[in-house]
Amino acid sequence: MRISKNNNVEMYEVLFEDWTNYDKWAPFFYHEFVIENSKEVLAGVMTPCTVCVNDSLDQQFISWLKDKGIMIQGSKKDL
């Protein structure tokens, strides 16, 4: 799953344009999500304005965001 201003725009707005939300997840993305979920595949990568999550971990990423207090509407097919 790619989240950028051109892909999954609604998620991009929630994750990157809301600074309160950004501060809840971005500083922890590598240490908490990527390292803990990169067992057989790389869980994800992030640049200043894009995040890519391995497709097999989409639901884990959404759950992780919810644990951080960020509510993402819809299911994977809505993203």
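What counts as what
Per chain, residue numbering runs from 1 following the sequence as it is written. Local features are withheld for residues below a pLDDT of 70 in this predicted model, meaning they are given only at 70 or higher, and side-chain atom pairs are given and counted only at 80 or more; totals for whole chains, interfaces and linings count all residues. In computing side-chain values, all of the structure's heavy atoms are included and hydrogens and water are not. Under the DSSP-based scheme used, a helix requires at least four consecutive residues in state H or I and a strand at least two consecutive residues in state E, with every element numbered from the N terminus. All radius of gyration figures rest on C-alpha atoms, and the globule criterion is 2.2 Å times the number of residues raised to 0.38. In this scheme, a residue with accessible area under 20% of its type's maximum is buried, one over 50% is exposed, and one in between is partly exposed, where area comes from a 1.4 Å probe on protein chains only. Neither His nor the chain termini are counted; the positive set is Lys and Arg, and the negative set is Asp and Glu. Here the site of a charge means NZ on Lys, CZ on Arg, CG on Asp, or CD on Glu. Only heavy atoms matter for contacts: two residues are in contact if any of them lie within 4.5 Å across the pair. Side-chain rings of Phe, Tyr and Trp (the six-membered ring for Trp) are treated as a pair once their centres are within 6.5 Å; stacked means planes under 30 degrees apart, edge-to-face means over 60, and tilted covers the remaining angles. Only buried residues count toward a nonpolar core. Its members are Ala, Val, Leu, Ile, Met, Phe, Trp, Tyr and Cys residues joined through side-chain atoms within 4.5 Å. In this description, strands pair whenever DSSP reports at least two bridges between them.

(A) Spotlight on the overall build of the protein. From N to C terminus, the protein includes four helices and three strands. Relative to a compact globule of 79 residues, whose C-alpha radius of gyration would be 12 Å, the protein shows 11 Å and is just as compact. Each principal axis of the C-alpha atoms in the protein carries an extent, and together these give about 30 × 25 × 20 Å. Counting the 79 residues in the protein, one finds 37% classified as buried. Put simply, the protein has 8 plus and 12 minus side-chain charges, and the middle of one group is 2 Å from the middle of the other.

(B) Spotlight on the side chain of Ser-4. Following the sequence through the fold, Ser-4 ends up in the loop between β1 (2-3) and α1 (9-17). Residue Ser-4 is classed as buried on the basis of its relative accessible area of 6%. Those residues in contact with Ser-4, other than ones at most four positions away along the chain, are Val-9, Tyr-12, Cys-49 and Thr-50.

(C) Inspection of unusual backbone geometry at higher detail. Even without glycine at this site, Asn-8 takes up a positive phi of about 50 degrees. With respect to the element layout, Asn-8 can be found in the loop between β1 and α1.

(D) Representation of the packing of aromatic side chains in the model. Applying the stated criterion across every chain, the model contains 14 aromatic pairs. Judged by centre distance (5.2 Å) and plane angle (70 degrees), the rings of Phe-33 and Phe-61 are edge-to-face. One end of the pair, Phe-33, is in helix α3 (residues 29-37); the other, Phe-61, is in helix α4 (residues 58-67), and 28 residues separate them in sequence. Neither Phe-33 nor Phe-61 differs from the other in exposure class; each is buried. Arranged with centres 6.0 Å apart and planes meeting at 25 degrees, the rings of Phe-61 and Trp-64 form a pair that is stacked.

(E) Expanded view of the nonpolar core. In terms of nonpolar packing, the biggest core is built from 23 residues, with Ile-3, Leu-15, Trp-25, Phe-29, Phe-33, Phe-61 and Leu-65 touching the most fellow members. Elements with a minimum of two residues in this core: α1, α2 (19-25), α3, β3 (50-53) and α4. In contact with Trp-25, other than residues within four places in its own chain, are Leu-15, Phe-16, Met-46, Val-51, Trp-64, Leu-65 and Ile-70.

(F) How the structure looks around the pairing of strand β2 (residues 44-47). Residues Gly-44 and Met-46 point to one face of β2 and are all buried, whereas Val-45 and Thr-47, pointing to the other face, are not buried. One ladder, built from four bridges, connects β2 with β3; its direction is antiparallel. Note on β3: the bridge partner recorded for Thr-47 is Thr-50. Counting the residues that bridge the hairpin from β2 to β3 gives two residues.

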